[in-house]
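A look at the structure
So you can see what is in the structure, the chains are spelled out below.
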Amino acid sequence: MVMGEPSREEYKIQSFDAETQQLLKTALKDPGAVDLEKVANVIVDHSLQDGVFSKEAGRMCYAIIQAESKQAGQSLFRRGLLNRLQLEYQAREQLRARSLQGWVCYVTFICNIFDYLRVGEAPAATWVADSLCPEDQEACSRLSALLWPFPQVNNMPMMALVNPVYDCLFRLAQPDSLSKEEEVDCLVLQLHRVGEQLEKMNGQRMDELFVLIRDGFLLPTGLSSLAQLLLLEIIEFRAAGWKTTPAAQNYYYSEVAD
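Residues numbered from 1 in each chain as written. Predicted model: local features only at pLDDT ≥ 70, side-chain atom pairs only at ≥ 80, totals over all residues. Heavy atoms only, no water.

Once that is clear, we can look at the overall build of the chain. Each helix and strand counted, the chain has 14 helices and zero strands in total. Evaluated residue by residue, the chain yields a buried proportion of 49% over its 258 residues. Long-range contacts, defined here as pairs at least 24 residues apart, represent 68% of the contacts in the chain between residues at least 6 apart. Summed over its atoms, the accessible surface of the chain is roughly 12700 Å², and 52% of this surface lies on carbon and sulfur atoms. (Helix = DSSP H or I, 4+ residues; strand = E, 2+ residues; numbered from the N terminus. Buried < 20%, exposed > 50% of the residue type's maximum accessible area, 1.4 Å probe, protein only. Contact = heavy atoms within 4.5 Å. Areas by Shrake-Rupley, 256 points an atom, 1.4 Å probe, with all protein chains shown as cover.)

The following block contains the structure:
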């Protein structure tokens, strides 16, 4: 999916206070004039609280990254963003236990970032390696190289985020999550958004994920009728090559409307 840089006026930042709105506007126009780590934290914090913003925050992050790269050839914002995503990823179970809405917003946000960000530099992959082997730097370097095999392909989804995104979706496909419509809805929406890209990156994990989804659909203990409908729809969506047939669209639209 090729995405142009949207205009600054398109971003839904009205829910921020005046000072934060100015900070974000400056980051989009003149990133060198602001603390980009602070900007990354502001965006992540708000994404975990605002479901609407979490769905489009990736566009803003992508624009800031592009602006910083053009202005100074640096990636301070990108690294700050990935570092913060790593911290939230490591504490994802605590986040889910504390706030289901916050957890759903986090999954939405990280999938959004995965969808928008482009491969630009190998060091971004190290956040996954560091979380797996923080004391063995040589092993970390080897792992980072494995996580980042395509540094020159500009439209390749960020390799460093593939497994964290998968891990989040696997969590959403667990039985206790499938019993909650908010998590089922999030699972299905994110698979619609990034499922095809993820499968290209790691088809085996997608197969394993859909085993869980099919088991959840066939053994619907605690599933609502809407959750069953959503799971069936995403199973058929993938089977059709990540496309919705006209017949399926009419059927599921009418069922949800009813």
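With respect to the helices and strands, the residue threonine 108 is situated in helix α6 (residues 100-116). You can call threonine 108 buried: its relative accessible area is 8%. Polar side-chain contacts of threonine 108 include one of 2.9 Å to the backbone oxygen of valine 104. In contact with threonine 108, other than residues within four places in its own chain, are Ser54, Lys55, Cys186 and Gln190. (Polar contact = N/O pair within 3.5 Å; in protein donor to acceptor, adjacent residues only side chain to side chain.)

Here the chain averages 81 in pLDDT, while 75% of its residues score no lower than 70. Segment residues 1-9: pLDDT under 50, and 14 contacts once partners within four positions in sequence are set aside and those in other chains are kept. Note on residues 119-155: pLDDT under 50 across the span, and 60 contacts to partners over four residues away in sequence or across chains. (pLDDT = per-residue confidence, 0-100.)

Every α-helical turn comprises 3.6 residues, leaving residues that sit three or four positions apart pointing alike. A rise of 1.5 Å per residue sets the reference length of helix α1 (residues 18-29), with its 12 residues, at 16 Å; its end C-alpha atoms lie 17 Å apart and thus fit the reference within 8%. What α1 keeps buried is the set Thr20, Gln21, Leu23, Leu24, Thr26, Ala27 and Leu28. Buried-residue contacts for α1 involve α2 (36-47) and α3 (51-72). For α1, the capping residue at the N-terminal end is aspartate 17, with a side-chain oxygen 3.1 Å from the backbone nitrogen of glutamate 19. (Expected span 1.5 Å × (residues − 1).)

This structure, assessed with the given rule, holds zero disulfides. Cysteine 186 provides the cysteine sulfur closest to cysteine 105, a residue in no disulfide bond, and the two sulfurs are 8.5 Å apart. With no disulfide partner, cysteine 168 has as its closest neighbouring cysteine sulfur the one in cysteine 111, 6.9 Å distant. On the accessibility criterion, cysteine 168 (0% relative accessible area) is buried. (Disulfide = S-S within 2.5 Å.)

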